[in-house]
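# Structural overview
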Amino acid sequence: MDDTGGTDDVTTLTRELVSIPSHEDETAAGDAIEDWLHEHTDGNVTRDSAGNVIARKGPGDGDGRDDAPSLALVGHHDVVPPAPSQLDGEEYVVKERDGRLYGRGSADMKGAVAASMLAFRDADPSCELVFASFVGEEIGGTGARVAIDEGFAPDYAIVAEGSTNYSKPGVTDVVVAHKGRRASTLVARGSAAHASEPEAGENAIYRASDAIDIVRELEFPEVEVFGEQLRGTVAVTGIDGGTAWNVIPDECEIIVDERTVPGVRAELERVEEIEGITWTVDQDLPPMDCDDETFADSVLEAAKDAQDGDPELVTKPHATDAGWLAQAGTTCVVCGASEPGEAHTKTESVGLDVLERCYRIYRNAAESV
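Residues numbered from 1 in each chain as written. Predicted model: local features only at pLDDT ≥ 70, side-chain atom pairs only at ≥ 80, totals over all residues. Heavy atoms only, no water.

It is worth spelling out the nonpolar core at this point. Grouped together as the largest cluster of nonpolar side chains are 62 residues, with contacts concentrated most on Leu 37, Ile 158 and Tyr 362. With 10 residues, helix H3 (residues 106-122) is the single largest residue contributor to this core. With residues near it in sequence (within four places) discarded, Ile 158 still touches Leu 71, Ala 72, Leu 73, Val 74, Phe 295, Val 299, Val 333, Cys 335, Tyr 362 and Ala 365. Listed in part, the 20 residues of the second largest apolar core include Ala 72, Phe 134, Phe 152 and Ala 157. (Core = buried A, V, L, I, M, F, W, Y, C linked by side-chain atoms within 4.5 Å. Buried < 20%, exposed > 50% of the residue type's maximum accessible area, 1.4 Å probe, protein only. Helix = DSSP H or I, 4+ residues; strand = E, 2+ residues; numbered from the N terminus. Contact = heavy atoms within 4.5 Å.)

Right under this line is the structure:
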């Protein structure tokens, strides 16, 4: 492989990464990324305690200019479990047809990781350029959180999750805000009794129903980021209560899915005003909003220069590692190859032309931000 970006480069590298199983153990994929960076780049490549692969080059990388700003190209090399059709024994199936590459992780997000690696290799950066591929994104951002705890703190980041075909078909847009996710469990407790004497007990399902009424009536929070609207949601997604047809239930559990937005939350705590209700937050993935319009516009210009279409600043419904980075103080946008409806599917694929486009966006940004 020569050291100039191109469709052949990004196709070859994406095929290599997608072929490596990484839904249970990301080590082999991380090894491949680390080895490639050592062989093909002049960056300072490290591996942290979680298995994240991080490389740095350009001003600030040991040259005495520690005040130089830093831009990180960020991805992850773990994937969700493959469908049976995406496996051949224990190996991942990778196929190419009609200008697209098919396989688990092609869209989410080893293709964009490959484009980031090539951009890191080829760019002559105007700042300290950082490449990072995290583990554990699919299970709540465990790798990103370890990296942050161990000092990963770039000034700016382009998180290479999907932003293609958001504003219109055929373009890769720039995401300036995305939702987070808060998953909660509400437990309603009462007291059991024989169903022939319901007044002798306290029906936990009735208390749960009262809590559901509150959830149903909550206002969805909404924010605006650089003129783009982002609206949260709250929904009951599960209920479990009762042990037998002739027993007044003493416990009922409710599952609530909440999509959060920056700076404001739905008033879910109101359910605890009901006697016998307790509320537990099981997962809280932070939302993201870019806090620097100049940076967002500069990445948008890099995206415009890399494609024939007219990309826009947009919002995204899904949580990404950009939420953890933004919460820690990094100014973030999201820009990547995955299109709506591709990630986590049994027919997951990515356009090879889009990967080449993303390579150009990342390299443009590295040389201009």
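Time to look at the environment of Ile 158. One can find Ile 158 in strand S9 (residues 156-159). Residues Ile 158 and Ile 255, spaced 97 residues apart in sequence, show a C-alpha to C-alpha distance of 33 Å.

Turning our eyes to something else, we now look at the packing of helix H6 (residues 293-305) against helix H8 (residues 352-366). Where H6 contacts H8, the axes come no closer than 8 Å and their chain directions differ by 135°. Relative to H8, the element H6 lies oblique. Crossing angle aside, the handedness with which H6 passes H8 is right-handed. On the side of H6, the interface is formed by Ala 302, Ala 303 and Asp 305, while H8 contributes Ile 361, Asn 364 and Ala 365. (Axes fitted to C-alpha atoms, helices over the stretch in contact; angles between N-to-C directions. Parallel < 35°, antiparallel > 145°, perpendicular 65-115°, else oblique. Left-handed = near helix turned anticlockwise from the far one by under 90°.)

We now examine the packing of aromatic side chains. Within the structure shown, the criterion is met by three aromatic pairs. Judged by centre distance (6.5 Å) and plane angle (55°), the rings of Phe 120 and Phe 131 are tilted. Note that Phe 120 is positioned in helix H3 and Phe 131 in strand S8 (residues 128-134), a separation of 11 residues in sequence. Like Phe 131, Phe 120 is buried. One residue, Arg 97, lies across the ring of Tyr 102, its end atom 4.0 Å from the ring centre. Cation over ring: Arg 145 sits above Trp 324, and NZ or CZ is 4.6 Å from the ring centre. (Phe/Tyr/Trp six-rings, centres within 6.5 Å; stacked < 30°, edge-to-face > 60°. Lys NZ or Arg CZ within 6 Å of the ring centre and 35° of its normal.)

Quick look at the sheet that holds strand S22 (residues 349-351) now. Strand order in the open sheet formed by three strands is S6-S7-S22, and the pairing between neighbours is antiparallel. Two strands close off the open sheet at either side, each with one partner strand: strand S6 (95-97) and S22. Neighbour-to-neighbour, the strand axes of this sheet turn through a mean angle of 20°, independent of strand direction. Note that strand S7 (residues 100-102) and S22 share three bridges and pair antiparallel. Across the sheet, Leu 101 pairs through a bridge with Val 350, a residue of S22. Helix-sheet contacts for H3 involve S7 and S22, and the interaxial angle to S22 is about 45°. Relative to S22, H8 is tilted by about 65°, and along the sheet it contacts S6, S7 and S22. (Pairing = 2+ DSSP bridges.)

You can see Thr 185 is positioned in strand S11 (residues 180-189). What makes Thr 185 buried here is its relative accessible area of 11%. At a separation of 2.6 Å, a polar atom in the side chain of Thr 185 contacts the side chain of Asp 282. Every residue in contact with Thr 185, bar those within four places of it in the chain, is listed here: Glu 253, Ile 254, Ile 255, Thr 278, Trp 279, Thr 280 and Asp 282. (Polar contact = N/O pair within 3.5 Å; in protein donor to acceptor, adjacent residues only side chain to side chain.)

Our next topic: the environment of Trp 324. Mapped onto the fold, Trp 324 is located in helix H7 (residues 321-327). Taking the C-alpha atoms as reference points, Trp 324 and Gly 58, 266 residues apart in sequence, are found 25 Å from one another. Residues contacting Trp 324, with those up to four places away along its chain left out, are Gly 140, Gly 141, Ala 144, Arg 145, Ile 148, Asp 284, Leu 285 and Pro 286.

Glancing now at the sheet that holds strand S18 (residues 277-285). Across a sheet, paired strands are connected by hydrogen bonds in the backbone, their directions being either parallel or antiparallel. Taking strand neighbours across the sheet as the criterion, the four strands line up as S15-S17-S11-S18 in an open arrangement whose pairing is antiparallel. Sheet topology places strand S15 (233-241) and S18 at the edges, where each strand pairs with a single neighbour. On average, adjacent strands in this sheet sit at an angle of 20° to one another, irrespective of strand direction. In this sheet, strand S17 (residues 251-260) lies alongside S11 in antiparallel orientation, the contact comprising 10 bridges. Bridge assignment links Thr 185 to a residue of S17, and that residue is Ile 255.

What follows is about a negative patch on the surface. Taken together, Glu 24, Asp 25, Asp 88, Glu 90 and Glu 91 make up a surface patch of like negative charges. By secondary structure assignment, the location of Asp 88 is in strand S4 (residues 87-88). (Patch = residues over 30% accessible without salt bridge, like charges linked within 9 Å, V, L, I, M, F, W, Y side chains within 5 Å. Areas by Shrake-Rupley, 256 points an atom, 1.4 Å probe, with all protein chains shown as cover. Salt bridge = Lys/Arg side-chain N within 4 Å of Asp/Glu carboxyl O. Lys, Arg positive; Asp, Glu negative; His and termini not counted. Charge placed at Lys NZ, Arg CZ, Asp CG, Glu CD.)

Tallying each qualifying case throughout the model produces zero disulfides. You can see Cys 290 has no disulfide; the closest cysteine sulfur is in Cys 332, sitting 7.8 Å from it. On the accessibility criterion, Cys 290 (3% relative accessible area) is buried. Cysteine Cys 358 shares no disulfide, and the gap to the nearest cysteine sulfur, in Cys 335, comes to 5.6 Å. Using a relative accessible area of 0% as the deciding quantity, one classes Cys 358 as buried. (Disulfide = S-S within 2.5 Å.)

Note on backbone geometry: most residues besides glycine have negative phi, and most peptide bonds are trans. Residue Met 109 is bonded to the preceding Asp 108 through a cis peptide linkage, with omega at -10°. Position of Met 109 relative to the elements: it lies in helix H3. For Asp 98, which is not a glycine, the phi torsion comes out positive at approximately 50°. Relative to the elements of secondary structure, Asp 98 occurs in the loop between S6 and S7. Within the chain, Asn 165 stands out as a residue other than glycine whose phi angle is a positive 65°.

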